[in-house]
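Listed here are the chains, written in short residue letters.
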Amino acid sequence: MLITQGQLHQYAQQQALNAVFLKTQSPTAAPTYLAMSQTAIGSLQSSALTMADATVNEYLTSTGYARQNYTPVAATPASPSSIYNTGIITWGPFTSPPGTANWAIACDVASGTAANIIASFLLGAPVTPATGDSLQGAAGTGAAGVGFICQI
Amino acid sequence: MAMGGQPKPGDKAIYTPVAGHAYGLYARGSPIAPEMAKLDLTAGTLVTVDSLDISPPNWPIVSWTDLVGNPRLTAINIGLWHSSFSPPPPGA
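Residues numbered from 1 in each chain as written. Chains lettered and ligands numbered in written order. Predicted model: local features only at pLDDT ≥ 70, side-chain atom pairs only at ≥ 80, totals over all residues. Heavy atoms only, no water.

Draft legend 1. Seen up close, the interface of chain B and chain A. Each partner contributes to the interface: chain B provides 26 residues, whereas chain A provides 27 residues. Between chain B and chain A, the buried area comes to about 1,900 Å², and carbon and sulfur atoms account for 56% of it. Looking only at chain B, the three residues that lose the most surface to chain A are M36, R72 and L73 of chain B, adding up to 26% of its buried area. At the junction of chain B and chain A, the tally comes to zero salt bridges. Where chain B touches chain A, the interface holds nine residue pairs in polar contact (both at pLDDT 80 or more). Sorting elements by how many residues they give to the side of chain B that touches chain A places strand β4 (residues 71–75) of chain B first, with five residues. A class-by-class count of the residues in the side of chain B that touches chain A yields 16 nonpolar, five polar and five charged. (Contact = heavy atoms within 4.5 Å. Buried area = accessible area lost by both parts, 1.4 Å probe. Salt bridge = Lys/Arg side-chain N within 4 Å of Asp/Glu carboxyl O. Polar contact = N/O pair within 3.5 Å; in protein donor to acceptor, adjacent residues only side chain to side chain. Helix = DSSP H or I, 4+ residues; strand = E, 2+ residues; numbered from the N terminus. Nonpolar A, V, L, I, M, F, W, Y, C, P; charged D, E, K, R; others polar.)

Draft legend 2. Expanded view of the side chain of S120 of chain A. All names here are of chain A. Assignment of secondary structure puts S120 in strand β7 (residues 117–127). At 2.9 Å, the side chain of S120 and the side chain of H9 are in polar contact. Setting aside residues no more than four positions away along its own chain, S120 makes contact with Q5, G6, Q7, H9, L44, W103, A104 and I105.

Draft legend 3. Seen up close, the nonpolar core. Core analysis: the biggest nonpolar cluster contains 38 residues, and L34, M36, M51, W91, I105, F121 and F148 of chain A have the highest contact counts within it. Elements with a contribution of two residues or more to this core: β2 (33–37), β5 (89–91), β6 (101–107) and β7 of chain A together with β4 of chain B. The next biggest cluster of nonpolar side chains, apart from the first, holds 13 residues, and it includes Y23, L41, V62 and L80 of chain B. (Core = buried A, V, L, I, M, F, W, Y, C linked by side-chain atoms within 4.5 Å. Buried < 20%, exposed > 50% of the residue type's maximum accessible area, 1.4 Å probe, protein only.)

Draft legend 4. The environment of I41 of chain A, seen in detail. Residue and element names in this part refer to chain A. On the secondary structure map, I41 appears in the loop between β2 and β3 (68–69). Accessibility expressed as a relative area gives 57% for I41, which makes it exposed. For the pair I41 and W103, spaced 62 residues apart in sequence, the C-alpha separation works out to 8.2 Å. Setting aside residues no more than four positions away along its own chain, I41 makes contact with N102, W103 and L122.

Draft legend 5. Looking closely at the layout of surface pockets. One number sums up the size of the largest pocket: a volume of about 830 Å³. L8, A12, T32, I83 and I118 of chain A are the residues nearest the centre of the largest pocket, which is lined by 29 residues in total. Contributions of two or more residues to the lining of the largest pocket are made by α1 (10–20), β4 (82–84), β7 and β9 (149–151) of chain A. Residue contributions to the lining of the largest pocket peak at five residues, all from α1 of chain A. Partitioning the lining of the largest pocket into residue classes produces 21 nonpolar, seven polar and one charged. If you trace the second largest pocket, you find 19 residues lining it, with E58, Y59, L60 and T61 of chain A together with S55 of chain B closest to the centre. Residues of the lining of the second largest pocket, tallied by class, amount to ten nonpolar, six polar and three charged. (1 Å grid on protein atoms, 1.4 Å probe; cavity = no way out; pocket = protein on both sides within 12 Å on 5 of 7 lines; lining within 4 Å. Points joined across faces, edges and corners; volume = space filled by probe spheres on them.)

Draft legend 6. Inspection of the sheet that holds β3 of chain A at higher detail. Residues and elements named next belong to chain A. Within the open sheet, the five strands sit side by side as β1-β7-β6-β2-β3. Their pairing is antiparallel. In the strand order of this sheet, the two ends are held by β1 (7–8) and β3, each with one partner. Note that β6 and β7 share six bridges and pair antiparallel. If you follow I105 over to β7, its bridge partner there is S120. (Pairing = 2+ DSSP bridges.)

Draft legend 7. Layout of the pairing of strand β1 (residues 12–15) of chain B. Residue and element names in this part refer to chain B. Here three bridges tie β1 to strand β2 (residues 46–52), and the two strands are oriented antiparallel to one another. Across the sheet, residue K12 finds its bridge partner in β2, namely T48. Pairing of β1 with strand β5 (residues 85–86), which is carried by two bridges, proceeds in the antiparallel orientation. Bridged to Y15 within β5 is F85.

Draft legend 8. Representation of the confidence of the model for chain B. This prediction gives chain B a mean pLDDT of 92; 99% of its residues lie at or above 70. Note on the complex model: pTM 0.92, ipTM 0.90. (pLDDT = per-residue confidence, 0-100.)

If you want it as structure tokens, here you go:
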């Protein structure tokens, strides 16, 4: 699927600026996760801080869904610099229809609404998995539209 | 022998469905596309409890590797955890 470049959300914008201007250092290295969101195009706000935000509308785990490890590369030594997944990311198998997803959302906890939102990625086309299906996102290459790439 | 007690992170189990059906196939109840079948959680797969979902229904989230080598995380119905997963053999 074609995916638009990730948009950093407010939490990540603050983390990045505070780190590079040496105000505070970012949290220690830890896994990050990719969630699937049913939010309509145009309705997901970059000011959404956590997965508890009313606009997030994540798939439910009662469908077999779980957030997947993002495992991105280290930020590339280039300007603009980017970060992206190098492995295929697969959700499911779903045990009931989870709904139509328009977004993938990167966050910092494997489950629950307390997770901080880092970035959101608009899918090139909505996806509606059926029961028994799995849903795959391509491995990134650093090229725009391939995998889940975020660039500054 | 089924899994007893409440799952906790680090627990290992083997998917051992009674009828031998893969996880998604069992839920669907009818054949699924071949490209989906190879991504399904199949009988005999070793899983490890990664975490417990913080939100209801608080199901275990297990990590496993599919038939094509992709690392996966899947939420498991707690009833199926007790009925369709078994302790792994020693050393697994």
